[in-house]
Amino acid sequence: MVMIVVAFLLGSQPRDQVRQVQQTQEDPYASTVTVLSQQEHDLANMQLASTAGNSAVDASLRQNLEQVNEFIADCERRVKEEPSDELAREYLTNAYQQKAQLLSAMMDRGGSLN
Amino acid sequence: MKLSTVLRRSAILPVIGAGVLLSPWMAANAAPQRVEKHFTVKGRPVVVIRNVGNGRIEVKSWKNSEVVVTGTKASEKIAVETEQAGDRIDVTSSIVDSTANAREMEANFQLTVPEETELQLKTQTGLIYVEQVTGDMTLDSVAGDVHLKEVSGYIIVTTTGGSLVCTQCAGKLEFSSISGSAQVLQPTLSNVKLRTMTGNILFDGDFVHTGLYSMRSGKGLVEVRFSGSDSFDLNAQTATGTVDNQAAQYLKPDSHGVKHMASKFSKGLFGTVGMGFAKVELSSYSGTIRILKRD
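These numbers were taken from a predicted model, which means no experiment stands behind them.

## Some thoughts on the overall build of chain B
Helix and strand content of chain B: one helix and 25 strands. Within chain B, contacts between residues at least 6 apart in sequence are counted, and of these 51% link residues at least 24 apart.

See the structure below:
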């Protein structure tokens, strides 16, 4: 579900619109970030309520989520400094998509183990 | 038992007489159990393994029209079912007791399949190893590595943290990971798409004429080792990383009349090796892109 929402949000920003948003100095990724943050918050609550989640798999998923968040923070800094850096934007967009996929996998796993 | 399992069983059981065989692995004690199943097939089989537990999946081939599944499971807290419907063979593990710890959730599988077989394999941790199989394959792992040797087909590998080593692979290859690395050695691949966020990428082999090769790493090293007889157009770009060109003497300006330029925000390297028959695109956000000729 989160993947569909993020894909929609990322896909519904045509270039013209992105440029327009840039001009008005708004953050075109704001809605995506909001959805992902909410999902991450829900996941944290789910993990707190669960007795599972201590396996090597869960540790790996959490570790990778940290790496994704670090990478996103890095790309966000770059995009903020250089809003016209297309390559950085591309990596940021892909990182959001990967985060959405990872959160979905973690939610599914949490659900199947509970 | 989960509802989905009940539903699946209720849908399957009435048609057992029509050629579907469903077989749960039962055992009386809690010691590790080993089971071997034989499935006769007519054409090119499709083998699906969905391992929700941890464990290794190993696939090798033979010339017989038979699929042999050998498995071990660590405890009664994990159930394994096999099912055959024509040439489709499904092997599924499921957790029957949610108190199971990681060790009790372990299930390992060894398969022997006809040389031409399609595979869909999914596991959590533990190695996925496939050798000498021809056919499309989709391989998923969270933390386990994937090792492929002499396989061909349309190969799709997805991991979260597991790495890929693909030796003498042919056909098309897609790899996607967050922290896993990819090594592609001595390939005969005509289409390659490798994506990792923090892992490294190594491509050591020839580029097939008209082949398309795209390799991207967010933070890792992207290294390509080509041979003197290769022929490809190169487009390498990084946002904040570096391009280490150790093959300057082989790289000529693009001979096809298209003038490439890196944007003012990125560093780029463009050129042609040989006649430029294949297309190679390398990208990294903050890592290093290295291009060198093999000795």
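## A look at the overall build of chain A
If you tally the helices and strands in chain A, you get five helices and zero strands. Counted from the first residue to the last, chain A has its helices and strands arranged as α-α-α-α-α. When contacts within chain A are restricted to residue pairs at least 6 apart in sequence, long-range pairs at least 24 apart make up 71% of them.

## A few points about unusual backbone geometry
All names here are of chain B. The residue Gln132 is not glycine, and still its phi comes out positive at about 55°. You can see Gln132 is positioned in the loop between β10 (128–131) and β11 (137–141). Note on Gln132: 16 C-beta atoms within 10 Å, which makes it partly exposed. At Gln186, a position not held by glycine, the phi torsion is positive, near 50°. Among the structural elements, Gln186 can be located in the loop between β16 (182–185) and β17 (188–196). For Gln186, a count of 12 C-beta atoms within 10 Å gives the class exposed.

## Some thoughts on the sheet that holds strand β8 (residues 107–114) of chain B
Residue and element names in this part refer to chain B. The strand order across the open sheet built from 12 strands is β2-β5-β8-β4-β10-β12-β14-β16-β18-β20-β25-β22, with neighbouring strands paired in mixed fashion. Edge positions in the open sheet fall to β2 (33–40) and β22 (242–245), since each of these has one partner strand only. Across the sheet, the axes of successive neighbouring strands diverge by a mean angle of 10°, strand direction being ignored. Note: β22 against strand β25 (residues 288–293), four bridges, orientation parallel.

## Comments concerning the pairing of β11(B)
Regular strands place their side chains on alternate faces of the sheet. All names here are of chain B. Taking burial as the measure, the five residues of β11 include four buried ones, the bulk of the element. In this structure, strand β9 (residues 118–123) lies alongside β11, joined through five bridges in parallel fashion. Bridge pairing in β11 places Gln120 opposite Thr138. Strand direction decides the pairing type here: β11 and strand β13 (residues 152–159), joined by five bridges, are parallel. What sits directly across from Thr138, in β13, is Ile156.

## Here we look at the interface of chain A and chain B
Contacts between the two partners involve 25 residues from chain A and, on the opposite side, 23 residues from chain B. Secondary structure elements with two or more residues in the side of chain A that touches chain B: α4 (56–81) and α5 (86–113) of chain A. Ranked by the residues each element gives to the side of chain A that touches chain B, the list is headed by α4(A), at 12 residues. Taken together, the residues of the side of chain A that touches chain B sort by class into 13 nonpolar, seven polar and five charged.

## Description of the nonpolar core
Membership of the largest hydrophobic core comes to 62 residues, with the highest contact counts inside it found for Val130(B), Cys169(B), Leu173(B), Val184(B) and Val280(B). Sequence-distant contacts of Val130(B), that is, excluding residues within four places in its chain, are made with Val59(B), Leu119(B), Met137(B), Leu148(B) and Val151(B). By size, the runner-up hydrophobic cluster in this structure holds 27 residues, among which are Tyr29(A), Leu61(A), Phe71(A) and Val79(A).

## What about the environment of Leu102(A)?
Mapped onto the elements, Leu102(A) comes out in helix α5. When the C-alpha atoms of Leu102(A) and Asn64(A) are compared, they prove to be 8.4 Å apart, with 38 residues separating the residues in sequence. Setting aside chain neighbours within four positions, we find Leu102(A) in contact with Leu61(A), Asn64(A), Leu65(A), Val68(A), Thr160(B) and Ile178(B).

Conventions adopted
Residues numbered from 1 in each chain as written. Chains lettered and ligands numbered in written order. Predicted model: local features only at pLDDT ≥ 70, side-chain atom pairs only at ≥ 80, totals over all residues. Helix = DSSP H or I, 4+ residues; strand = E, 2+ residues; numbered from the N terminus. Contact = placed C-beta atoms within 7 Å. Buried ≥ 20, exposed ≤ 12 C-beta atoms within 10 Å, placed from the backbone. Pairing = 2+ DSSP bridges. Axes fitted to C-alpha atoms, helices over the stretch in contact; angles between N-to-C directions. Nonpolar A, V, L, I, M, F, W, Y, C, P; charged D, E, K, R; others polar. Core = buried A, V, L, I, M, F, W, Y, C linked by C-beta atoms within 7 Å.

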